Amino acid sequence: MNGKKTKILCAVIAVLVVLIGIMTGLLLVQKKENTSGSSTRETASAENTTENAAGVSEETEKTDADDSDRKTNLYYAEITEGAAWENGGNQCATENVTIYNQDQKAVTSWKLDIIYASDPTVDQIWEGACEVKGNTVTITPVEYNAEIPAGGSLTFGFNLSAADKKVTDYKLYINGTEYTGSEASSETADAASTTTETESIAPPSAESGTPFENHGALSVSGTDLVDSKGNPYQLKGCSTHGITWFPDYVNEDAFRTFRDDWGANLIRLAMYTDTGDSYGYCSGGNKEEIEALVDQGVQAATGLGMYVIIDWHILSDNNPNTHIEDAKVFFAEMTKKYANYENVLYEICNEPNSGTSWSEVKAYAETIIPVIRENDEDAIIIVGTPTWCQDVDIVSGDPITGYDNIMYAVHFYAATHKEDLRNKVTTAISNGLPLIVSEFSICDASGNGAIDYAQADAWFELINEKNLSFASWSISNKAETASLLTPSCTKTSGWTEEDLSETGIYIRDRILGK
Ligand code: IDC
């Protein structure tokens, strides 16, 4: 064959290939439209949706006596694809999501995990809040679009990009109970009567591997804490009480209980600086012994792949400059020792108070931050803010400059600190200040008194909306409301529901995302 003929033949073949492609595409589009009427994604979840819907219509006819049965099919999600395009070799799409509530009660507490074939990124979301971890996009409600009405539905959407944007599974949590649409269960289900949901509490995390294995070194991006992949990440966990008073809780089994049973990824080690006696690091405490306790905590958390805050817990010493010389030595030592521990965060002054101004705290921070940076270039450093970590609005007008990975602490005790402090938080964030709730509880500021659940709920709405990390005061059985354990509980790990105080139960459920 001569060159010209070859060219003509190639051109004819190319035209044929294109024509066949177009025809096949048209047929597929037609087929999709015929079967579903909308472009419901061809996924396990879509299959289950139909299955669930069938289940529900059958089961709604049952009487109240069958309630437990009926409950299993009350809720499901549908994920449909809107526009789809390609960008930089990635598949991109607008995902439209609807959650259906077939119950006679409205629902406001829900969470949807959508699991993709490869790790996606989300660059825009509307009517919902989202977090991406590995291959999972987790959607949680925003204040103005939280309620799924009785017998109704709620919709939201987002733009997604992934090497493979196929949805492989979803898990829907309503009031903490999982309603799953899993591929595995749909394959084994031979009829709608086989339920695809479980009654269990949401597992702490759908991920295998430890928090650190999955998220690596954290950093600050804008006002967000992000993981090593750049996805917004929320640290959730508990603070010890003063480790010198309650050393027994600084143990690996305790931290494992928080990680595995509570879904926590964070432990804060509160080391009081000045107690006026030998319990304080700077007030006569045995520095070596106290540092050994800190190390015990860091090693335990590290072994479990949890993040850990070393907290220089100033309180009755009011002003961090009171013990600045000790602080310099301490942080130099700690950062030398833990230079390669990417899970360690440093909180350099718990709560400046009693009139200590931001300029005084800032001067202190500008002394301590370089000490830390000398050994550790990028560990997260948490700076306390005046008035027991409340004046974040003031700080946002004059933040520390010239360093990366600096966060500022806001602390609340829900029965004392309410809307006013939440407004300060919102102001500070809108001014670009990265915040972390490195300590809080749901009682009053003394750590005692009644729990204010309504205020606590309002705080958690803000925390989740703004992707704020949090550590709850405190891991102890001391007879005060903030303690997570009951005074009669003497176990130092492996706690069950009966061992938890009312605060403990509330905090556990919040960490679990209930
Ligand atoms: C409280 C403890 C309490 C202890 C007291 C003084 O709960 O048992 O006697 O400290 O050391 C904070 C502090 C935190 C306080 C807590 C509750 O950071 O140290 O713990 N709180 O008062 N800021 C606001 C409240």
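Scroll up to find the structure.
How each quantity is defined
Residues numbered from 1 in each chain as written. Predicted model: local features only at pLDDT ≥ 70, side-chain atom pairs only at ≥ 80, totals over all residues. Heavy atoms only, no water. Phe/Tyr/Trp six-rings, centres within 6.5 Å; stacked < 30°, edge-to-face > 60°. Helix = DSSP H or I, 4+ residues; strand = E, 2+ residues; numbered from the N terminus. Buried < 20%, exposed > 50% of the residue type's maximum accessible area, 1.4 Å probe, protein only. Lys NZ or Arg CZ within 6 Å of the ring centre and 35° of its normal. Near = heavy atom within 4 Å. Polar contact = N/O pair within 3.5 Å; in protein donor to acceptor, adjacent residues only side chain to side chain. Areas by Shrake-Rupley, 256 points an atom, 1.4 Å probe, with all protein chains shown as cover. Nonpolar A, V, L, I, M, F, W, Y, C, P; charged D, E, K, R; others polar. Salt bridge = Lys/Arg side-chain N within 4 Å of Asp/Glu carboxyl O. Pairing = 2+ DSSP bridges. Right-handed = clockwise from strand over helix to strand, strands pointing away.

S.K.: I would appreciate a short explanation of the packing of aromatic side chains in the present structure.
M.R.: Here the distance between the centres and the angle between the planes together describe a pair of aromatic rings. Considering all chains together, one arrives at 26 aromatic pairs under this definition. Seen in terms of ring centroids, tryptophan 312 and phenylalanine 330 are 5.0 Å apart; in terms of plane orientation they differ by 40 degrees. Their pairing is tilted. Taken as a pair, tryptophan 312 in strand 14 (residues 307-313) and phenylalanine 330 in helix 8 (residues 324-337) lie far apart in primary sequence, 18 residues in all. In terms of burial, tryptophan 312 and phenylalanine 330 fall into one category: buried. With centroids separated by 5.1 Å and ring planes inclined at 75 degrees, the aromatic side chains of tyrosine 338 and tyrosine 341 adopt a geometry described as edge-to-face. Judged by its relative accessible area of 0%, tyrosine 338 is buried. Exposure remark for tyrosine 341: the relative accessible area of 23% places this residue in the partly exposed category. Among the aromatic residues, those joined into a ring-pair cluster are Phe412, Phe440, Tyr453, Trp459, Phe460, Phe470 and Tyr506. Here the basic side chain of lysine 287 rests over the ring of tyrosine 281, its NZ or CZ set 5.2 Å away from the ring centre. Over the aromatic face of tryptophan 459 sits the side chain of arginine 422, whose NZ or CZ is 5.3 Å from the ring centroid.

S.K.: Can you walk me through the site of the ligand in this structure?
M.R.: Not every one of the 15 residues close to the ligand is listed here, only the nearest: Tyr272, His313, Glu351, Lys478 and Glu480. At a separation of 3.3 Å, a nitrogen atom of the ligand approaches a polar side-chain atom of tyrosine 413. Contact with the protein chains removes 80% of the 500 Å² of surface that the ligand exposes when unbound. Looking at the shell around the ligand residue by residue, the class counts come to 6 nonpolar, 5 polar and 4 charged.

S.K.: How should I be thinking about the pattern of salt bridges in this particular structure?
M.R.: Two side chains with opposite charge may pair up if their charged atoms get near one another. Overall, the coordinates contain 21 salt bridges when judged by the stated rule. The salt bridge involving glutamate 252 is made with arginine 256; its shortest N-O contact spans 3.0 Å. Taken as a pair, glutamate 252 and arginine 256 lie in helix 6 (residues 252-262) at a separation of 4 residues, close to a single helical turn. For arginine 256, a relative accessible area of 29% corresponds to the partly exposed category.

S.K.: For this particular structure, what's the right way to read the pairing of strand 14?
M.R.: Looking along a regular strand, one sees side chains alternate from face to face of the sheet. Where burial is concerned, most of strand 14 is hidden: 7 out of the 7 residues are buried. Here strand 14 shows no split at all, with Tyr307, Ile309, Asp311 and His313 on one side and Val308, Ile310 and Trp312 on the other all buried. Examined bridge by bridge, strand 13 (residues 266-272) and strand 14 share 7 bridges and lie parallel to one another. In the strand pairing of strand 14, tyrosine 272 is matched with histidine 313. Note on the crossover from strand 13 through helix 7 (residues 287-303) to strand 14: the handedness is right-handed. In this sheet, strand 15 (residues 344-347) lies alongside strand 14 in parallel orientation, the contact comprising 4 bridges. Each residue of the ladder has a partner; that of aspartate 311, found in strand 15, is glutamate 347. Handedness of the crossover is the feature at issue here: the chain leaves strand 14, passes through helix 8, returns alongside strand 15, and the resulting connection is right-handed.

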